[in-house]
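Below are the chains, spelled out letter by letter.
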Amino acid sequence: MRKAVVLPAVAAAGGVVGLVVRRFQLKTAFEPGTGLSIPGQPATWAMWAVAAVVALVLIGLSLGKHRTFETCYTAAFRPSGLVQLSGMMAGAVLLLAGGFLNVEAFVSAPMDLYTGTRAVGILRPILGVVCLAAAAGIWFTVQAMGKGRQVKSVWVLLPGLTCCLWVMANYQSWAQDPVLEGYVFFLLAAMLSMGACCLLPGFAFGKGQVTGALITCLLGPALGIMVLGDGLPLADAALLLAMIFYLLSMASALLTNDGKPQPPEGQPACGGACQTCPGCGPAPEKEDP
């Protein structure tokens, strides 16, 4: 239970430190007129150093012996308190907001009268629709876990698909930007969030990796916090905040459940978390002799 608080707190604290250094880097390590990076600036080295230290600390804290959850997603991620539950639902609400903002960004983008194309690519409204579905998916998944149901549905795959489309939607602008230092930390945060959301569904299908899930669920939000002050578009900022809340709460829930004793041999690996798992449902009532 202690790790469930300490590790997300370390990730958040490291992210805040990185945010301060990042703001200093943006003010001193780029030319005001052109936005080009100034080589050899201490702020740039400091930013990379902070990111490296945070990554090493989180990786070190995530290593170790972990429980086996087999195919029980509920046993791994069932929230055990109001904070974890609120974090998951905050992620869903922010995904909902991000979905509407991505659709709005496409609709309100100026259109080229000669080509008939908009300044914002078609992936943005597609991303917006998937965001709305992912928000609903988190809601339904949390409801199912709260009722002790086994989670094996397409809902758990939608956050990973959302992050994949998010990276694709930003790729065009990233590829055209000659200043790597301007977007590299946002790119890393989005990629790590995508990795985390792709690892989490594995717990529902017998492919759960506790260490990998913890590292990505902690490091993605840490880097996400660092780039909150980059002046991102509202649609991207909403998705970044969604991943921060969602992944930190999922990491906390996983750490809480990972700290519980492994069920004795012969009992289900989920330890009675699911009423629909064999051996986990309510015991049949004995008839009076």
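Conventions adopted
- Residues numbered from 1 in each chain as written.
- Predicted model: local features only at pLDDT ≥ 70, side-chain atom pairs only at ≥ 80, totals over all residues.
- Heavy atoms only, no water.
- Helix = DSSP H or I, 4+ residues; strand = E, 2+ residues; numbered from the N terminus.
- Buried < 20%, exposed > 50% of the residue type's maximum accessible area, 1.4 Å probe, protein only.
- Contact = heavy atoms within 4.5 Å.
- Salt bridge = Lys/Arg side-chain N within 4 Å of Asp/Glu carboxyl O.
- Expected span 1.5 Å × (residues − 1).
- Axes fitted to C-alpha atoms, helices over the stretch in contact; angles between N-to-C directions.
- Left-handed = near helix turned anticlockwise from the far one by under 90°.
- Nonpolar A, V, L, I, M, F, W, Y, C, P; charged D, E, K, R; others polar.
- 1 Å grid on protein atoms, 1.4 Å probe; cavity = no way out; pocket = protein on both sides within 12 Å on 5 of 7 lines; lining within 4 Å.
- Points joined across faces, edges and corners; volume = space filled by probe spheres on them.

Colleague: Help me understand the environment of Ala235, please; the structure alone is not making it clear to me.
Modeller: By the secondary structure assignment, Ala235 is in helix 9 (residues 234-258). With a relative accessible area of 8%, Ala235 lands in the buried category. When the C-alpha atoms of Ala235 and Leu101 are compared, they prove to be 5.0 Å apart, with 134 residues separating the residues in sequence. Once residues lying within four places of it in the same chain are set aside, the contact partners of Ala235 are Gly98, Leu101, Asn102 and Arg124.

Colleague: Explain the pattern of salt bridges here, please?
Modeller: Evaluated as defined, the whole model comprises two salt bridges. Two residues, Asp230 and Arg22, come together in a salt bridge whose shortest N-O distance is 2.9 Å. Here Asp230 is found in the loop between helix 8 (210-226) and helix 9, whereas its partner Arg22 is found in helix 1 (residues 2-28), with 208 residues between them in sequence. Of the two residues, Asp230 and Arg22, neither departs from the other in class, the shared state being buried. The salt bridge partner of Asp236 is Arg124, with a shortest N-O separation of 3.2 Å. Within this pair, whereas Asp236 is found in helix 9, its partner Arg124 is found in helix 5 (residues 123-146), the two being separated by 112 residues in sequence. The exposure classification of Asp236 matches that of Arg124, with both residues buried.

Colleague: What's the story with helix 8 in this structure? I'm lost.
Modeller: Count 3.6 residues to each turn of an α-helix, and residues three or four apart come out pointing the same way. Here helix 8 spans 25 Å end to end across 17 residues, near enough to the 24 Å set by a 1.5 Å rise per residue. Burial runs high along helix 8: 15 of the 17 residues are buried.

Colleague: Where do I start with the packing of helix 6 (residues 158-176) against helix 9 in this structure?
Modeller: When two helices pack together, their arrangement is given by the angle between the helix axes and by the axis-to-axis distance. Where helix 6 contacts helix 9, the two axes come as close as 12 Å, and the packing angle between them is 145 degrees. Of the two elements, helix 6 crosses helix 9, and the hand of that crossing is left-handed. Residues Pro159, Cys163, Trp166 and Asn170 of helix 6 lie in contact with helix 9, whose contacting residues are Asp236, Leu239, Leu240, Met243 and Tyr246. A breakdown of the residues in the contact of helix 6 with helix 9 according to their chemical character gives seven nonpolar, one polar and one charged.

Colleague: Just checking my understanding: could you explain empty space enclosed by the protein for this structure?
Modeller: Any space left empty among the atoms is revealed by the rolling of a water-sized probe across them. Enumeration over the complete set of coordinates arrives at one cavity of 30 Å³ or more. Looking at the largest cavity, its volume works out to about 70 Å³. For the largest cavity, the full set of lining residues is Tyr73, Ala134, Gly137, Ile138, Thr141, Val142, Met145, Trp155, Val156, Pro159, Tyr246 and Met250. Among the elements that make up the lining of the largest cavity, the one with the highest residue count is helix 5 (six residues). Looking at the lining of the largest cavity, its residues break down into 10 nonpolar, two polar and no charged.

Colleague: Could you clarify how one ought to interpret helix 9 in this entry?
Modeller: With 25 residues, helix 9 should reach 36 Å at 1.5 Å per residue; the first-to-last C-alpha distance of 36 Å fits that figure. The element helix 9 is extensively covered by neighbouring structure, given that 21 of its 25 residues are classed as buried.

Just geometry here; none of it tells us what the structure is for.
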